[in-house]
Amino acid sequence: MHMKNYFRLLSFALCLSPIVLGLMSCGKPGNHDYLGFVWTRSETSDQRFEQSMEYNLEHGYDTICVANEDYRVYVCSDAHVDYSSYNMDTFTTCYLADHDAAPFCLCVGDLINATDNYPHFMAHVDRIQAAGRRMYSTPGNHDIFYNQWSIYRDYWHTSCYWLVVKLPSGARDLFICLDSANGTLGQKQMQWLRELLREKSKQGFRHLIVYTHTHLWKIDQSQSHTSNFAMEETYELADLFGRYGVDIVLQGHSHYRLTQVVKDVVYLRLDKIEDHYYNSYYTILQVGEHINWTFVPVGPQHEGWNEVRVPWIEK
Amino acid sequence: MILTFIRMKKITWILCLLAIGTGCWAQSSSDSRYRLSLQGEVGHNPTWGYYSGALLHAHMPVVKNVDILADIELLSSNVYTAEITFRPKFSLPVGHLYMDATALGTIVARNQLMDIVGSLSLGYQMDYVNVQVGWFYRTIAETNRSWDSESGYVSDPFNLLYRLQINARPERERWNVYVGLGNVTPTQYERMWAPMFWLGGYYDLRPQSELSSNSLPAHFRLLAEVMVKPAGFFHLDASLYNLQTRFGIAYTF
């Protein structure tokens, strides 16, 4: 190729680069980590899994007793807490005001938006813990980006675990948390999941419920430019969940709700609860003989935002 | 919903008409010889572990201005793919324009799923650059689903298809090295935010000076390619997901 052609190609690449870098942006201006889009600076999936298992082996897995056969689990996703967390505040207030809710709630990743925001999110977790309840979380891509896995780990200790919910009748539900913060479970977590589902599916659990950040299915453009699992991993997870009788998979990441059924497994993609946007919702999961869900609007844009809006509470 | 369907149908109609129109208008290609290639594959990803396989590719200029490309891939991970592409093309002052209409089916036997893809795309091939942009439709279905049922499958009606390859030398040279990126390869259609990157090359066992003679003798070409697919590219914390190498031989006649 002539030098002139090389020069043309180089010019073309240089012109294209601001667009590509713009698409790659994942945080506030001036706080970009471009390298993270081609190679992780944070620990890999396998490393995070090993560290999580170390904690799990030492501390075991939680069993939570609920008062009724039917119970409500409050679930939020994509809070992206930065300089404000009004919607998380509403979520926490509503959850704590619902005295019949399960003593635990879930956050399906992207707790924070960029760096230095964990304390703002954890203030809400502290409120929940002070009331004698717990929040369980799975990491999202924003939670480990900017090399933040170590901070996430300091707060949450593990990103891959399960917990048992014990019902008054003695029946049990199993919740499994998977770490998909960088769009893959990795080799070790995938193997762990295969063995866990094989073992637990024989133990007579009433429901198997999985929650993870990255969503499996992309069937429309609502997910904007959020990437998800590679196709090989999508096939594998769909098969595993279907084969071992998982009832529902809770996912976030795209910020928009979607319900999809594949191999008799319900994939429920949740809305964001992030501030500053219209259509922010959290979800209440009603777990009984069947599993149902309700999306509850939050946010300053919603009419009646100042009221505590919980369907089961008389004001 | 109905409106969306009507709009989709319009888009599909327009693209089909474009494909047929391009075919009618197409001009002859300089590359008018049949080529058959067989490549061995070795790869690794966290889901399948190590795997190997074979890829059979046929390039068939069936009439003067239209090529048909076909691929069959068999992988030891119990995944089998067949693809066929109808490619009308016509010459421009620089390079040539082509339009691909592709159907691809993958039987993911290990997971009792099948992945069916239909795509339409427009490409522009020059000596050093080959760029392709288009749309593809995907349906993932359970292999044992009842075909009169509306459940058991997931459809993704719109996906962007893109592919860019840069060659170090024009294709007529005896050897070449190329780099590329895109969300499609002959046997893989990834989602639009999951690009793959590849580096490859070929070497003709006979010099081009002999091949350009009137006799156009049959000849062999050695092929090699390395492809990487990251997980979490764009908006996630990226890491290497799949590494695959291909090597083989092509026979032109």
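Residues numbered from 1 in each chain as written. Chains lettered and ligands numbered in written order. Predicted model: local features only at pLDDT ≥ 70, side-chain atom pairs only at ≥ 80, totals over all residues. Heavy atoms only, no water.

Draft legend 1. Quick peek at the overall build of chain B. Looking only at helices and strands, chain B features two helices and 14 strands. Out of the 253 residues in chain B, the part that is buried amounts to 51%. Within the structure as shown, chain B displays about 11800 Å² of accessible surface, and the carbon and sulfur contribution to it stands at 69%. (Helix = DSSP H or I, 4+ residues; strand = E, 2+ residues; numbered from the N terminus. Buried < 20%, exposed > 50% of the residue type's maximum accessible area, 1.4 Å probe, protein only. Areas by Shrake-Rupley, 256 points an atom, 1.4 Å probe, with all protein chains shown as cover.)

Draft legend 2. Structural detail: the sheet that holds strand β3 (residues 66-75) of chain B. All names here are of chain B. Here we have twelve strands rolled up into a closed barrel, ordered β1-β2-β3-β4-β5-β6-β7-β8-β9-β12-β13-β14, and antiparallel in their pairing. Each neighbouring strand pair of the sheet contributes to a mean axis angle of 20°, computed without reference to strand direction. Inspection of the sheet shows strand β7 (residues 129-142) paired to strand β8 (residues 153-167) by twelve bridges, in the antiparallel sense. Within β8, the position partnered with V133 by the bridge is Y162. (Pairing = 2+ DSSP bridges. Axes fitted to C-alpha atoms, helices over the stretch in contact; angles between N-to-C directions.)

Draft legend 3. Up close: the packing of helix α4 (residues 118-130) of chain A against helix α6 (residues 149-156) of chain A. Residues and elements named next belong to chain A. Two elements in contact, α4 and α6, have axes separated by 12 Å at closest approach and are oriented at 15°. Between α4 and α6, the angle is such that the two are roughly parallel. Taken as a pair, α4 and α6 cross one another with a handedness that is right-handed. Along the contact surface, α4 presents Y118, P119, F121, M122 and V125, while α6 presents I151, Y152, Y155 and W156. Here the contact of α4 with α6 is composed, by residue class, of nine nonpolar, no polar and no charged. (Parallel < 35°, antiparallel > 145°, perpendicular 65-115°, else oblique. Left-handed = near helix turned anticlockwise from the far one by under 90°. Contact = heavy atoms within 4.5 Å. Nonpolar A, V, L, I, M, F, W, Y, C, P; charged D, E, K, R; others polar.)

Draft legend 4. Structural view of the pattern of salt bridges. Residues and elements named next belong to chain A. Applying the stated criterion to the full structure yields 24 salt bridges over all chains. Residue D239 pairs with R243 through a salt bridge whose shortest N-O separation is 2.3 Å. On the criterion of helical spacing, the pair formed by D239 and R243 is a turn pair, its members being four residues apart in helix α8 (residues 231-243). Residue classification places D239 among the buried residues on the basis of a relative accessible area of 2%. Between D271 and R257 there is a salt bridge; the shortest N-O distance is 2.7 Å. Of this pair, D271 sits in the loop between β10 (265-269) and β11 (280-287) while R257 sits in the loop between β8 (248-251) and β9 (258-262); the two residues are 14 residues apart in sequence, bridging distant segments of the chain. According to the relative accessible area criterion, R257 is partly exposed, its value standing at 35%. (Salt bridge = Lys/Arg side-chain N within 4 Å of Asp/Glu carboxyl O.)

Draft legend 5. Region of the structure containing the packing of aromatic side chains. Residues and elements named next belong to chain A. The tally for this structure, following the rule as stated, stands at 23 aromatic pairs over all chains. Ring geometry for F91 against Y282: centres 5.2 Å apart, planes inclined by 80°, an arrangement best described as edge-to-face. Taken as a pair, F91 in helix α3 (residues 86-97) and Y282 in strand β11 lie far apart in primary sequence, 191 residues in all. Of the two residues examined, F91 and Y282, each falls in the buried class. The ring of W162 has K200 lying over it, and the distance from NZ or CZ to the ring centre is 3.9 Å. (Phe/Tyr/Trp six-rings, centres within 6.5 Å; stacked < 30°, edge-to-face > 60°. Lys NZ or Arg CZ within 6 Å of the ring centre and 35° of its normal.)

Draft legend 6. Expanded view of the environment of G182 of chain B. Residue and element names in this part refer to chain B. Mapped onto the secondary structure, G182 falls in strand β9 (residues 175-182). Considering only alpha carbons, one finds G182 and Q165, 17 residues apart in sequence, at a separation of 8.4 Å. With residues up to four places along the chain from it excluded, the contact list for G182 reads Y162, R163, P195, M196 and W198.

Draft legend 7. Up close: the nonpolar core. Residues and elements named next belong to chain A. I176, W192, L193, L197, W217, F241 and Y267 are the most contacted members of the largest nonpolar core, which totals 42 residues. Where this core is concerned, the elements lending two or more residues are α2 (45-59), β5 (161-166), β6 (172-177), α7 (186-200), β7 (207-211), α8, β9 and β10. The element that contributes the greatest number of residues to this core is α8, accounting for six residues. One finds C76, C105, I128 and I144 within the second-largest nonpolar core, a separate group that totals 30 residues. (Core = buried A, V, L, I, M, F, W, Y, C linked by side-chain atoms within 4.5 Å.)

Draft legend 8. Quick look at the side chain of D271 of chain A. All names here are of chain A. With relative accessibility at 5%, the residue D271 sits in the buried group. A polar atom in the side chain of D271 sits 2.7 Å from the side chain of R257. Sequence-distant contacts of D271, that is, excluding residues within four places in its chain, are made with S77, H255, Y256, R257, Y281 and F295. (Polar contact = N/O pair within 3.5 Å; in protein donor to acceptor, adjacent residues only side chain to side chain.)

Interpretation note: all reported values are geometric properties and have no functional meaning in isolation.
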